[in-house]
Amino acid sequence: MPGIERKILTFVEKHLLLIGALFSSALALYLRKIAVWWYYGAASFYFDMHPNHIQTTFYDLVVRLLQYLPALPLHSVKWLAGLSDFGVAGLLVLALGKEASGLKRLAFYLACLYSPILFLRGVTWGQLDSLAIFLLLAGYLLYRDSGPGHKRLRRCAALLTGSCAIALCPWFLGAAVWYVWMQERRQRDFWKTVSGMAAVVVVLLLSCALVLRLPWPEGVYSFTRFLTYHPESGLRYQNGAEWLFQMCLQGGSGASVLTMLAAGRRKLSYRGAILTQIVSVVLCGAFLFREIG
């Protein structure tokens, strides 16, 4: 028995961080299972394709395909968003680089997995921001690690995944363009990459519009409507304050993850990342729970 106990203790000490990550992931999955059953009263407005709705045709097609799963349609969307959180946390750890210690990787993994804004926007509300962030981070890693041997193939894969992220959530376009600008030293390469990404997004949106049996211009219109129309009412924004609130609300989850990555890469202070988390979760919570009380 002492020999077995010694082996168990040795195994636990050797893989302590991995065991901690597994137990934390199980708890995070359980919490998401509970949140799946919470229902936001106006959630249907984000999936019913009402006039002037802000979702893109790619978003609508993903939601339509999820309806074929053996679960309630809203639950399928929530589970996809919730499981994407794990993918985002995993890619965030990979994006930190090899210089990050094991403890730092675990800390950032848990910070992302238990991020309040991801939890509220995804499995609680039913928005697919996490899926778009996952695709965006995948494109970032493919673009960053494109070595001489497979540079063209990796760049094409990065272009495709990044374009899918933008087609799903257009408000991530700025983050993608900014990253390409920081990576490409030559202006010619920058415009070549951005033009290719824009072409893929347009083709993807137009194709999704045709699959959904919508007029093909709807694909392009759906990409820009979030800038003009309220996501629930489909009416134009009443004032600049309402517009700014919605823009911050839609981009809050992406900003929280990207600032977390920037802090981990020592491009931003931890205070800035924490402040972004606080502001985004306060705005999202104020919007979601405004009817309570």
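Just above, that's the structure.
Residues numbered from 1 in each chain as written. Predicted model: local features only at pLDDT ≥ 70, side-chain atom pairs only at ≥ 80, totals over all residues. Heavy atoms only, no water.

Peer 1: Residues and numbers for the packing of helix H3 (residues 57-66) against helix H8 (residues 151-168), please.
Peer 2: H8 packs onto H3 with a crossing angle of 90° between their chain directions and a minimal axis gap of 7 Å. Judged on the interaxial angle alone, H8 and H3 are roughly perpendicular. On H8, the residues touching Phe58, Tyr59 and Val62 of H3 are Cys164, Ala167 and Leu168. Class assignment of the residues belonging to the contact of H3 with H8 gives a composition of six nonpolar, no polar and no charged. (Axes fitted to C-alpha atoms, helices over the stretch in contact; angles between N-to-C directions. Helix = DSSP H or I, 4+ residues; strand = E, 2+ residues; numbered from the N terminus. Parallel < 35°, antiparallel > 145°, perpendicular 65-115°, else oblique. Contact = heavy atoms within 4.5 Å. Nonpolar A, V, L, I, M, F, W, Y, C, P; charged D, E, K, R; others polar.)

Peer 1: Could you give an account of the packing of helix H10 (residues 187-211) against helix H11 (residues 217-224), naming the residues involved and the relevant values?
Peer 2: Two elements in contact, H10 and H11, have axes separated by 7 Å at closest approach and are oriented at 120°. Considered as vectors, H10 and H11 are oriented oblique to each other. Pair H10 / H11 crosses with right-handed handedness. On H11, the residues touching Val201, Leu205, Leu206 and Ala209 of H10 are Gly219, Val220 and Phe223. Counted by class, the contact of H10 with H11 contains six nonpolar, one polar and no charged residues. (Left-handed = near helix turned anticlockwise from the far one by under 90°.)

Peer 1: How would you explain empty space enclosed by the protein if you had to name every residue and give the values?
Peer 2: Scanning all chains against the criterion turns up two cavities of 30 Å³ or more. Approximately 50 Å³ is the volume attributed to the largest cavity. Around the largest cavity sit Tyr46, Ile54, Gln55, Arg121, Trp125, Gln127, Trp171, Pro231, Gln246, Leu249 and Gln250, which together line it. In terms of residue count, the dominant contributor to the lining of the largest cavity is helix H12 (residues 240-264) (three residues). Class assignment for the residues of the lining of the largest cavity results in six nonpolar, four polar and one charged. By volume, the second largest cavity is sized at about 40 Å³. Surrounding the second largest cavity, Ile54, Gln55, Thr56, Tyr59, Gln127, Leu168, Pro170 and Trp171 form its lining. Of the residues that constitute the lining of the second largest cavity, the class distribution is five nonpolar, three polar and no charged. (1 Å grid on protein atoms, 1.4 Å probe; cavity = no way out; pocket = protein on both sides within 12 Å on 5 of 7 lines; lining within 4 Å. Points joined across faces, edges and corners; volume = space filled by probe spheres on them.)

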